[in-house]
Amino acid sequence: MQPLAGPTLLALWERGLSRHALDRSALLAAAARPDWPADTVVDRPLGAVNASLLRLRAASFGPRIDGHVDCPGCGQRLAFALDTQVLLDGADQDMAAETEVAGLRLRPPSLRDLAAVAAEADAAHGARALLARCTLAGDAARLDEEALARAEAALEQLDPQADLALALQCTDCGHAGNAQLDPGSLLWDELEVRAHALLAEVHRLACAYGWTEEQVLALGPARRACYLAMVAI
Ligand SMILES: [Zn+2]
């Protein structure tokens, strides 16, 4: 996976600015996987999309992920650090296209499915709506809680990278639980920081030397850093 070059990164940032988070993920996954026809990204298994986003993030910004979540118990902000590879464990294994459980035939969810249920405020209703969308045969609405849990576990097994969670324990109140990780947001946050930094560099060198944005971005990182250091004197 190639890292995002400056001009590509800025173009993605500009295109993604006004988009919904799920649309951004589709935009970034298309950039990560130019071998995928762009109009197929939203219908691909979510795990493959997430893996492509994590790999593009690691190639562009390094494998370490520093993040934080707010404790559901006390609100304390909890920091975490992990290596991308932990989340990609098993991502390269051949995945079955469907699975059968509790009288249902299921396919893995996609970005289009997530977008369709995104407006559902109630998490349990949202999970049922998502399962219904992923049901190729059978009636997901008839499942009791036990069968629903089995169906969700089967989907998890079918596409492990579709739903990335991190086990966390609060150091303040002791609350233990899972934090959801969204690879699209993780990548976008880094991309946004880098875009602002690049624009600031363009601004400083354009002011000092009269170069265009294209000329500044065409400089390699080492040469650009040298010029920036000289401008700062
Ligand atoms: Zn807590």
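Scroll up to find the structure.
Throughout, a residue's number is its position along its own chain's written sequence, starting from 1. Only residues with pLDDT of at least 70 get local features here, since the model is predicted, and only at 80 or more are side-chain atom pairs given and counted; chain-wide, interface and lining totals rely on the full set of residues. Only hydrogens and water are set aside; all other atoms, that is, all heavy atoms of the structure, feed into the side-chain values.

## Quick notes on the overall build of the protein
Formally: Going along the chain from the N terminus, every DSSP run of H or I of four or more residues is numbered as a helix, and every run of E of two or more is numbered as a strand. Each residue is assigned to one of three classes by its accessible area relative to the maximum for its type, calculated with a 1.4 Å probe on protein chains only: buried under 20%, partly exposed between the two thresholds, exposed over 50%. A 1.4 Å probe and the Shrake-Rupley method give the accessible areas. Residues count as covered only by the protein chains that appear here. For the purpose of counting charges, residues Lys and Arg are taken to be positive, whereas Asp and Glu are taken to be negative. His and the chain ends are not included. By convention, the point assigned to a charge is CZ for Arg, NZ for Lys, CD for Glu and CG for Asp.
Along its length, the protein carries 10 helices and seven strands. Counting only C-alpha atoms and orienting by the principal axes, one finds that the protein spans roughly 70 × 45 × 30 Å. Looking at the protein as a whole, 37% of its 233 residues are labelled buried. Per element, the accessible surface of the protein, about 13000 Å² overall, is 52% carbon and sulfur. Where the 20 positive side-chain charges of the protein centre and where its 32 negative ones centre are 5 Å apart.

## With respect to the packing of helix α1 (residues 6–16) against helix α2 (residues 21–32)
For clarity, the cut-off: Throughout, an axis means a line fitted to C-alpha atoms (over the contacting stretch in the case of helices), and angles, computed between N-to-C directions, take values from 0 to 180 degrees. Roughly parallel here means an angle under 35 degrees, roughly antiparallel means over 145, roughly perpendicular means 65 to 115, and every remaining angle is called oblique. Two helices cross in a left-handed way if the nearer one is turned anticlockwise from the farther one by less than a right angle. They cross in a right-handed way if the turn is clockwise. Should any heavy atoms of two residues lie within 4.5 Å, those residues are counted as being in contact. All residues other than Ala, Val, Leu, Ile, Met, Phe, Trp, Tyr, Cys, Pro, Asp, Glu, Lys and Arg, Gly among them, are scored as polar; the first ten of these are nonpolar and the last four charged.
Packing of α1 against α2 brings their axes to within 10 Å, and their N-to-C directions diverge by 160°. With respect to each other, α1 and α2 are oriented roughly antiparallel. Pair α1 / α2 crosses with right-handed handedness. Each of Leu12, Arg15 and Gly16 in α1 lies in contact with α2, whose residues at this interface are Arg24, Leu27, Leu28 and Ala31. Residues that form the contact of α1 with α2 fall into these classes: four nonpolar, one polar and two charged.

## Let's talk about the environment of Ala59
Inspection of the secondary structure puts Ala59 in helix α3 (residues 46–61). Along the primary structure Ala59 and Gly210 are separated by 151 residues, whereas in three dimensions their C-alpha atoms are 32 Å apart. Among residues more than four places away in sequence, those in contact with Ala59 are Met1, Gln2 and Pro3.

## Notes on the coordination of the zinc ion
Formally: Any N, O or S atom lying within 2.8 Å of the metal counts as a donor, with the limit raised to 3.2 Å for Na, K and Ca; because water is left out of the atom set, some sites can appear incomplete. In this scheme the shape depends on donor count and angles: four donors with every angle between 85 and 135 degrees give tetrahedral, four or six donors with opposite pairs above 155 degrees and others between 65 and 115 give square planar or octahedral in turn, and any other case is irregular.
For the zinc ion, the protein coordination sphere consists of Cys71 (SG), Cys74 (SG), Cys170 (SG) and Cys173 (SG), at 2.3 to 2.4 Å. Viewed at the metal, the four donor atoms of the zinc ion are separated by angles of 106 to 113°, and the geometry they form is tetrahedral. Written as a sequence motif, the donor residues of the zinc ion are C-x2-C-x95-C-x2-C. Of this pair, Cys71 sits in the loop between β1 (64–70) and β2 (77–83) while Cys173 sits in the loop between β6 (164–169) and β7 (176–181), and the two are 102 residues apart along the sequence. Residue Cys71 is classed as buried on the basis of its relative accessible area of 5%.

## Let's talk about the layout of surface pockets
Applicable threshold: Throughout, the protein atoms alone are placed on a 1 Å grid, and a set of points is a cavity if a 1.4 Å probe fits but cannot get out or a pocket if it is open with protein on both sides within 12 Å along at least five of seven lines; lining residues have an atom within 4 Å of a point. Grid points are joined across faces, edges and corners, and a volume is the space filled by probe spheres set on the points.
As a volume, the largest pocket reaches approximately 610 Å³. Lining the largest pocket are 22 residues, and of these Leu46, Leu114, Ala162, Asp163 and Gln180 lie nearest its centre. Where the lining of the largest pocket is concerned, the elements lending two or more residues are α2, α3, α5 (111–117), α6 (123–133), α7 (145–158) and β7. Residues that form the lining of the largest pocket fall into these classes: 14 nonpolar, three polar and five charged.

## Brief notes about the sheet that holds strand β5 (residues 135–137)
This is how the line gets drawn: Only when DSSP finds a minimum of two bridges between them are two strands counted as paired.
Strand order in the open sheet made by the three strands is β3-β4-β5, with antiparallel pairing throughout. With partners counted over all chains shown, the strands left at the sheet margins are β3 (99–101) and β5, one partner each. Along the sheet, successive strands turn relative to each other by an average axial angle of 40°, direction set aside. Along the sheet face, α7 touches β3 and β4 (104–106) and points at about 160° away from the line of β3.

## What to know about the pattern of salt bridges
For clarity, the threshold we go by: Here, a salt bridge means any side-chain nitrogen of Lys or Arg that lies within 4 Å of a carboxyl oxygen of Asp or Glu.
Per the counting criterion, the structure on display carries 11 salt bridges. For Arg112, the salt bridge identified is with Asp43, shortest N-O distance 2.6 Å. Of this pair, Arg112 sits in helix α5 while Asp43 sits in the loop between α2 and α3, placing them 69 residues apart in sequence. Residue classification places Arg112 among the partly exposed residues on the basis of a relative accessible area of 42%.

## Topic: the side chain of Ser52
If you trace the backbone, Ser52 turns up in helix α3. With relative accessibility at 2%, the residue Ser52 sits in the buried group. Setting aside residues up to four positions removed in sequence, Ser52 forms contacts with Met1, Ala29, Ala32, Arg33 and Trp36.

## Quick look at α2
The criterion, for reference: Helix span, as expected, comes to 1.5 Å for every residue beyond the first.
In a regular helix each residue adds 1.5 Å, so 12 residues correspond to 16 Å; α2 covers 16 Å between its end C-alpha atoms and thus fits that length. Residues Leu22, Arg24, Ser25, Ala26, Leu27, Leu28, Ala29 and Ala32 constitute the buried set of α2.

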